[in-house]
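# Survey of secondary and tertiary structure
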Amino acid sequence: MTEAFEPRILAFCCHYCAYAAADLAGVMRLNYPTGIRIVEVPCSGRVEVSEILHAFEHGADGVMVAG
Amino acid sequence: MIIGEQKPLEEIMNLLGDARRVLVVGCGTCVTVCFAGGEKEAAILASALRMKSKLEGHPMEVDEVTVQRQCEWEYIDPLADRLKDYDAILSLACGIGVQAMNERFPEYVTLPGLNTTFLGLPEEHGVWVERCQACGDCILGLTFGICPIARCSKQLLNGPCGGSQNGVCEVSSDLPCAWHLIWERAIKFGQVERLLEVQPPKNWSRSRDGGPRKIVREDLRLPREE
């Protein structure tokens, strides 16, 4: 039996909104999949294409830029 | 500035052939400003090459470096010690930068990652347009600052031609007629009589018709040893 596919998702989250929302989710004890990794950025406009590609190169199945 | 466009990834992969270690060399001047071959584009291309080669089953090691200006010896000389570590050098500079690399480092072949497209300017964000053909004998003083050599499809010295309709060139509906623009400028400045003088054929010997061009300024040359 094969294991179910668990995507590894990297989320670049803006300090002022998306990251604060993720923080709130934690305070509210909401669950999200363990395959999600959050990187806090000062602004989602800060995220470079090369950083998104870097994530894919190093095994991410998906990248989310939230801001 | 010089405007360039990155070659398709497939073409670049074909140029690189069996190379396993590749150095992508970006340029920090014109091609950075037109988002074709600067530091960011070099990093993106290097990443794309690594992923594509890995997916195709023959992974490449790809590093990148960007120099301030690839068309001057002073800026590319520091690369000398690095190049020996690579099977292929891929330049993201214009054709001048690629040739400067090949000339300065003749023991390596530097490949082009861009197509050098034209001399122009960004008309708006993401739109570049041609403005100069470096013809070597500037006539902007006769044409109210609009170049018919670069901007008229027929390079007419006396225009417009019959293909100009409502200020648009017959070649393309989104191409303004350069001569229409020149006449509008002449009318604005009240100097249409200047355009009534028929211009003789242009002296193209100062352009490419005279072969590759060269400028020598003796007042700027450094003293040479006898």
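Right above here is the structure, for reference.
The sections below set out a description of the structure shown in this document. (Residues numbered from 1 in each chain as written. Chains lettered and ligands numbered in written order. Predicted model: local features only at pLDDT ≥ 70, side-chain atom pairs only at ≥ 80, totals over all residues.)

### Quick notes on the overall build of chain A
Secondary structure summary: chain A contains 2 helices and 3 strands in total. Beginning at the N terminus, the succession of helices and strands in chain A can be written as β-α-β-α-β. If one aligns the C-alpha atoms of chain A with their principal axes, the spans along those axes are about 45 × 35 × 10 Å. When burial is assessed residue by residue, chain A has 15% of its 67 residues classed as buried. Within chain A, contacts between residues separated by at least 24 positions form 79% of all contacts whose residues are at least 6 apart in sequence. (Helix = DSSP H or I, 4+ residues; strand = E, 2+ residues; numbered from the N terminus. Buried ≥ 20, exposed ≤ 12 C-beta atoms within 10 Å, placed from the backbone. Contact = placed C-beta atoms within 7 Å.)

### Side note on the pairing of strand 6 (residues 114-124) of chain B
Residues and elements named next belong to chain B. Bridging between strand 1 (residues 2-6) and strand 6 involves 5 bridges; their strand directions are antiparallel. Each bridged residue has a counterpart across the sheet, and for I3 the counterpart in strand 6 is F118. In this structure, strand 6 lies alongside strand 7 (residues 127-132), joined through 5 bridges in antiparallel fashion. Among the inter-strand pairings, L121 is bridged to a residue of strand 7, identified as V129. Hairpin connection of strand 6 to strand 7: 2 residues between the antiparallel strands, including G126 at a positive phi of 85 degrees. (Pairing = 2+ DSSP bridges.)

### Notes on the sheet that holds strand 2 (residues 36-41) of chain A
All names here are of chain A. If you walk across this open sheet you meet the 3 strands as 2-1-3, and the pairing is parallel. At either margin of the open sheet sits one strand with a lone partner, and together these are strand 2 and strand 3 (62-66). With direction set aside, neighbouring strand axes in the sheet form an average angle of 20 degrees. The sheet contact formed by strand 1 (residues 9-14) and strand 3 spans 5 bridges and is parallel. (Axes fitted to C-alpha atoms, helices over the stretch in contact; angles between N-to-C directions.)

### With respect to the nonpolar core
Residues and elements named next belong to chain B. Within the largest apolar cluster, 37 residues are counted, with the highest numbers of intra-cluster contacts made by V22, V24, V25, V31, L90 and L92. Among the secondary structure elements, those contributing two or more residues to this core are strand 1, helix 1 (9-16), strand 2 (21-27), helix 2 (30-33), helix 3 (39-55), strand 3 (61-67), strand 4 (88-91) and helix 5 (95-104). Apart from the residues lying within four places of it in its own chain, the contact partners of V24 are A42, L45, A46, V62, E64, L90, L92 and G113. (Core = buried A, V, L, I, M, F, W, Y, C linked by C-beta atoms within 7 Å.)

### Description of the sheet that holds strand 5 (residues 110-112) of chain B
All names here are of chain B. Taking strand neighbours across the sheet as the criterion, the 4 strands line up as 3-2-4-5 in an open arrangement whose pairing is parallel. Only two strands of the sheet have a single partner each, and these edge strands are strand 3 and strand 5. Going across the sheet, the axis of each strand differs from the next one's by a mean of 30 degrees, ignoring polarity. Direction of pairing for strand 2 relative to strand 3: parallel, over a ladder of 7 bridges. Bridged to V22 within strand 3 is V62. Strands in contact with helix 1 are strand 2, strand 4 and strand 5; relative to strand 4, the strand with the most contacts, it is inclined by about 150 degrees. Docked against the sheet, helix 5 engages strand 2, strand 4 and strand 5, running at close to 170 degrees with respect to strand 5.

### A look at unusual backbone geometry
Residues and elements named next belong to chain B. With an omega dihedral of 0 degrees, the bond running from G159 to P160 counts as a cis peptide bond. By the element assignment, P160 lies in the loop between helix 6 (148-151) and strand 8 (164-165). Unlike most non-glycine residues, F35 shows phi in positive territory, near 55 degrees. Note that F35 resides in the loop between helix 2 and helix 3. The exposure class of F35 is partly exposed, given the 15 C-beta atoms found within 10 Å. Of note in the backbone geometry, N166 takes a positive phi value of approximately 55 degrees without being a glycine. Inspection of the secondary structure assignment puts N166 in the loop between strand 8 and strand 9 (168-169). A count of 6 C-beta atoms within 10 Å places N166 in the exposed class.

### Focus: helix 5 of chain B
Each α-helix winds once per 3.6 residues, and so residues spaced three or four apart point in a common direction. Three or more residues of helix 5 of chain B are buried, namely G97, V98, A100 and M101 of chain B. The buried residues of helix 5 of chain B occupy an angular sector of 160 degrees when projected down its axis, which confines them to one face. (Arc of directions from axis to C-beta.)

### Observations concerning the interface of chain A and chain B
Residue-level contacts link 7 residues of chain A with 7 residues of chain B. By residue class, the composition of the side of chain A that touches chain B is 3 nonpolar, 2 polar and 2 charged. (Nonpolar A, V, L, I, M, F, W, Y, C, P; charged D, E, K, R; others polar.)

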